[in-house]
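One-letter residues, chain by chain:
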2 protein chains.
Amino acid sequence: MEEFIIRPNPSDPRLTQRVTGIDQTGAPIETSVTVERPLTLFLNGQEIVTMMTICDYPEYLALGYLLNQNMLRTDDRVTDIVYDDEIETVVVRTERPTDYEQKLKKKTLTSGCAQGTVFGDLMEKFEDVRLSSTARIRTSWLATLTRKINTAPSLYLEAGAIHGCVLACEDRPLVYMEDVGRHNAVDKVAGYMWRHGLTPEDKIFYTTGRLTSEMVIKTVQMGIPILVSRSGFTAWGVDLARQAGLTLIGRARGRRFVALAGEERIDFDLAPGEGSDEPTSHRRKGSRDDDGE
Amino acid sequence: MEEFIIRPNPSDPRLTQRVTGIDQTGAPIETSVTVERPLTLFLNGQEIVTMMTICDYPEYLALGYLLNQNMLRTDDRVTDIVYDDEIETVVVRTERPTDYEQKLKKKTLTSGCAQGTVFGDLMEKFEDVRLSSTARIRTSWLATLTRKINTAPSLYLEAGAIHGCVLACEDRPLVYMEDVGRHNAVDKVAGYMWRHGLTPEDKIFYTTGRLTSEMVIKTVQMGIPILVSRSGFTAWGVDLARQAGLTLIGRARGRRFVALAGEERIDFDLAPGEGSDEPTSHRRKGSRDDDGE
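Rules used in this analysis
- The residue numbers shown here count from 1 along each chain, following its written sequence.
- The lettering of chains begins at A and the numbering of ligands begins at 1, in the order of writing.
- Per-residue local features are limited, in this predicted model, to residues with pLDDT of at least 70; the limit for side-chain atom pairs, both in listing and counting, is 80 or more; totals at the level of whole chains, interfaces and linings are taken over all residues.
- The basis for every side-chain value is the complete set of heavy atoms in the structure, and neither hydrogens nor water enter the calculation.
- UniProt positions are given in the numbering used here, feature names are shortened, and annotations may be inferred rather than shown by experiment.
- The helix and strand labels rest on DSSP assignments: H or I over at least four residues marks a helix, E over at least two residues marks a strand, and numbering proceeds from the N terminus.
- We call a residue buried when its accessible area falls under 20% of the maximum for its residue type, exposed when it is over 50%, and partly exposed in between, using a 1.4 Å probe and counting protein chains only.
- We call two residues in contact when some of their heavy atoms are within 4.5 Å.
- Using a 1.4 Å probe, the Shrake-Rupley method yields the accessible areas, and only the shown protein chains count as cover for residues.
- Note: two strands are recorded as paired if DSSP finds a minimum of 2 bridges between them.
- Lines are fitted to the C-alpha atoms to define the axes, a helix being fitted only along its stretch in contact, and any angle between axes, read from their N-to-C directions, falls within 0 to 180 degrees.
- Under the rule applied, a polar contact is a pair of N or O atoms within 3.5 Å (in protein, one hydrogen donor and one hydrogen acceptor; residues adjacent in sequence only if both atoms are side-chain atoms).
- Here, a salt bridge means any side-chain nitrogen of Lys or Arg that lies within 4 Å of a carboxyl oxygen of Asp or Glu.
- The predictor attaches a confidence to each residue, called pLDDT, with possible values from 0 through 100.

With an unreviewed UniProt entry as reference, chain A is termed Sulfur carrier protein FdhD, source organism Skermanella aerolata. UniProt annotates chain A under Sequence similarities (unreviewed entry) with the comment "Belongs to the FdhD family." Among the UniProt annotations of chain A, the heading Subcellular location (unreviewed entry) holds the following wording: "Cytoplasm".

So this is what it looks like as structure tokens:
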């Protein structure tokens, strides 16, 4: 499968905006900033939620959100997806009638960058998921993967203040999505995977965001056995990863990383000193640099 | 006013957890991770929301959340705040009867690290706020402030994967709050300010998080004229800051920064080369380092 089947388009004028300001010397500067737009999601005529998004892939975002919220089942047949950029709505229609009136009443604000996820529903499938026992990750893949991701053209390099998520196979980034909220980026990847029938068992999921409970839950429910982040962990994220048998790798910089769950899937094929794409000078674990989001 | 009236307590055993794992060589390591807990907020017997928080200051979080959601008015009299760590609830009681049944129905997921904020309500007060025209910020204060904040003992340095917000006066950090979600950290500062009657006009607000719309809105509604972040901007955040006349300073590292709104409040009293607490080697604007959250 080719690398970067789908990726951000930093040159898309709708996604960034040039603004003028000054720097620390008072000198005038011009810089790019990320554009966020409201997008209201409907499922079969029921208003589900309004999200703030860069809105580059509203259809994938809509599908992924509904899948990760367990409002759309993997065996559902989607008859129609209509995005209207004028009224900033996306409507998903399914063969199966749906009604989530009750679900929509309960609101739990998850930690970090969550989207006020309805946590009870997020957990619905969690216990039933069996992750691949044969999946592996080599330390050499990890080093190559992070280098490819960090050097790929992105809205991050153009404007900053954005999250990235990548679905990868071995050392090849396949699907790269960015958004203002890291959960939008995850959901867009989920939507793309479902729409195009990508299998999760042999994949690696990479995020710039922290490894919080809801990030672990989404990865597990997507059926992906390995989750990697350049950022840090929360305790609940680690607990859930261990419960689910998810391989949880954080603080991944060049060849450095820490694994706190599912270590058995890791092959250490990289000799010390090899494959680094960053100065290997040791950082404090709490270095601000570790805060992917 | 003394520095760090209130600050994180990294040695509090409830806030971090020691976990074992392995590093990139396969060698066993032990590290600290942040602990997140659910906290359900009630206002006069009405369940408002469940938040994920490190739960170090549940009372300030509850007050600040209600204030920033415009569910609590600055002139309200709070008769009682009861936190129960067993059932993980905090109950706020006010003299004025409240009913936010309608408000709670509408859910908008704001960008970045927002908490599924009810955006319409967040905006309620925004247009009416008049920020101080006399407030100033010196580049020398900014350099000193960021150095003091980055070197202060924190959960960030202990475990990473956490956000920090600081209320400052000139170059003195006064109130330092951390939490898994940056909005919890903001809300805890707001709660502390209201509870202890701290005036906003002469203050500076510092956040590790990105300068998104909701971060700007909260700062403005808190009446603080200057907002500083080590992270980047979103376009809507910049627009709102300009509308409100908020001084918006981002990508602040040592003596480097970019100001995109309210530049007139900045005094450039720092000679080039002075006051840096970080290597001044120029980074790409999109360097992963710029992503405070």
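Student: Which residues make up the overall build of chain A, and what values go with them?
Tutor: Tallying secondary structure elements over chain A gives eight helices and 15 strands in all. Evaluated residue by residue, chain A yields a buried proportion of 66% over its 293 residues. Considering only contacts in chain A between residues 6 or more positions apart, those separated by 24 or more positions represent 58%. Carbon together with sulfur atoms contributes 48% to the accessible area of chain A, which is approximately 10000 Å² in total.

Student: Just give me the short version of the environment of A:Ile29, but keep the residues and values in it.
Tutor: Along the chain, A:Ile29 turns up in strand β2 (residues 28–34). Given a relative accessible area of 22%, A:Ile29 falls into the partly exposed group. Sequence separation between A:Ile29 and A:Val19 is ten residues; the distance between their C-alpha atoms is 8.5 Å. In this structure, A:Ile29 is in contact with A:Val19, A:Thr20, A:Gly21, A:Ile22, A:Asp23, B:Val258 and B:Leu260, ignoring residues within four places of it in sequence.

Student: So what's going on with helix α1 (residues 58–68) of chain B? Residues and values would help.
Tutor: Among the eleven residues of α1(B), ten are classified as buried, and the element is accordingly described as predominantly covered. Remark: B:Asn70 follows α1(B) within two positions and exhibits a positive phi of approximately 60°.

Student: Describe the sheet that holds strand β1 (residues 16–23) of chain B, and please don't skip the residues or the numbers.
Tutor: Reading across from one edge, β10(A)-β9(A)-β11(A)-β12(A)-β13(A)-β14(A)-β1(B)-β2(B) is the order of the eight strands in this open sheet, with mixed pairing throughout. Edge positions in the open sheet fall to β10 (172–179) of chain A together with β2 (28–34) of chain B, since each of these has one partner strand only. Direction aside, the axes of adjacent strands within the sheet are offset by 30° on average.

Student: Can you explain the side chain of B:Thr212? Please cite residues and give values.
Tutor: With respect to the helices, strands and loops of the structure, B:Thr212 is situated in the loop between β11 (204–207) and α7 (213–221). Polar contacts involving the side chain of B:Thr212 include one to the side chain of B:Arg182, which spans 2.6 Å.

Student: Describe unusual backbone geometry, naming the residues involved and giving the relevant values.
Tutor: In this structure, A:Arg251 takes a positive phi of about 50° despite not being glycine. Looking at the secondary structure, you find A:Arg251 in strand β13 (residues 247–253). The exposure class of A:Arg251 is buried, given its relative accessible area of 7%. The phi dihedral of B:Ala161 falls on the positive side, at around 50°, and the residue is not glycine. In this structure, B:Ala161 sits in the loop between α5 (155–159) and β9 (163–169). In this structure B:Ala161 comes out as buried when scored by relative accessible area, which is 1%.

Student: Could you give an account of the sheet that holds strand β14 (residues 256–261) of chain B, with specific residues and numbers?
Tutor: Pairing in this open sheet of eight strands is mixed, and the strands run β2(A)-β1(A)-β14(B)-β13(B)-β12(B)-β11(B)-β9(B)-β10(B) from one edge to the other. Where the open sheet ends on each side, the last strands, each with one partner, are β2 of chain A together with β10 (172–179) of chain B. Averaged over all pairs of adjacent strands, the angle between their axes in this sheet comes to 30°, without regard to strand direction. Inspection of the sheet shows strand β12 (residues 226–229) of chain B paired to strand β13 (residues 247–253) of chain B by three bridges, in the parallel sense. Paired with B:Leu227 across the bridge in β13(B) is B:Leu248. Strands β9, β10, β11, β12, β13 and β14 of chain B of the sheet are contacted by helix α4 (residues 139–151) of chain B, whose axis makes an angle of about 45° with β10(B).

Student: Provide a residue-level description of the environment of B:Phe126, including the pertinent values.
Tutor: Residues and elements named next belong to chain B. Inspection of the secondary structure assignment puts Phe126 in the loop between α3 (119–123) and β8 (137–138). Under the relative-accessibility criterion, Phe126 is labelled buried at 4%. A C-alpha to C-alpha distance of 37 Å links Phe126 and Asp12, two positions 114 residues apart in sequence. With sequence-adjacent residues up to four places away left out, Phe126 is seen in contact with Ile217, Val220, Gln221, Leu240, Gln243 and Ala244.

Student: Tell me what's going on with the pattern of salt bridges, and back it up with residues and numbers.
Tutor: Residues and elements named next belong to chain A. The full count for this structure, using the stated rule, is 28 salt bridges over all chains. The residue Asp76 makes a salt bridge to Arg96 at a minimum N-O spacing of 2.6 Å. Taken together, the residues span a long stretch of sequence, with Asp76 in the loop between α1 (58–68) and β5 (78–84) and Arg96 in the loop between β6 (89–94) and α2 (101–105) at a distance of 20 residues. The buried category is assigned to Asp76, whose relative accessible area is 8%. Notably, a salt bridge pairs Lys218 with Asp187, separated by 3.0 Å at the nearest N-O pair. Taken as a pair, Lys218 in helix α7 (residues 213–221) and Asp187 in helix α6 (residues 182–195) lie far apart in primary sequence, 31 residues in all. With respect to class, Lys218 is no different from Asp187; both count as buried. Where salt bridges share partners, they join Asp56, Asp179 and Lys188 into one cluster.

Student: Could you give me a rundown of the confidence of the model for chain A, with the residues and numbers involved?
Tutor: Residue and element names in this part refer to chain A. Summing up the model confidence of chain A, the mean pLDDT is 87 and the portion of residues at 70 or higher is 87%. In the predicted structure, residues 109–118 sits below a pLDDT of 50 and forms 60 contacts with residues beyond four places in sequence or in another chain. pLDDT under 50 marks residues 277–293. Its contacts with residues more than four places away, or in other chains, come to 72 contacts. Reported confidences for the modelled complex are a pTM of 0.87 and an ipTM of 0.84.

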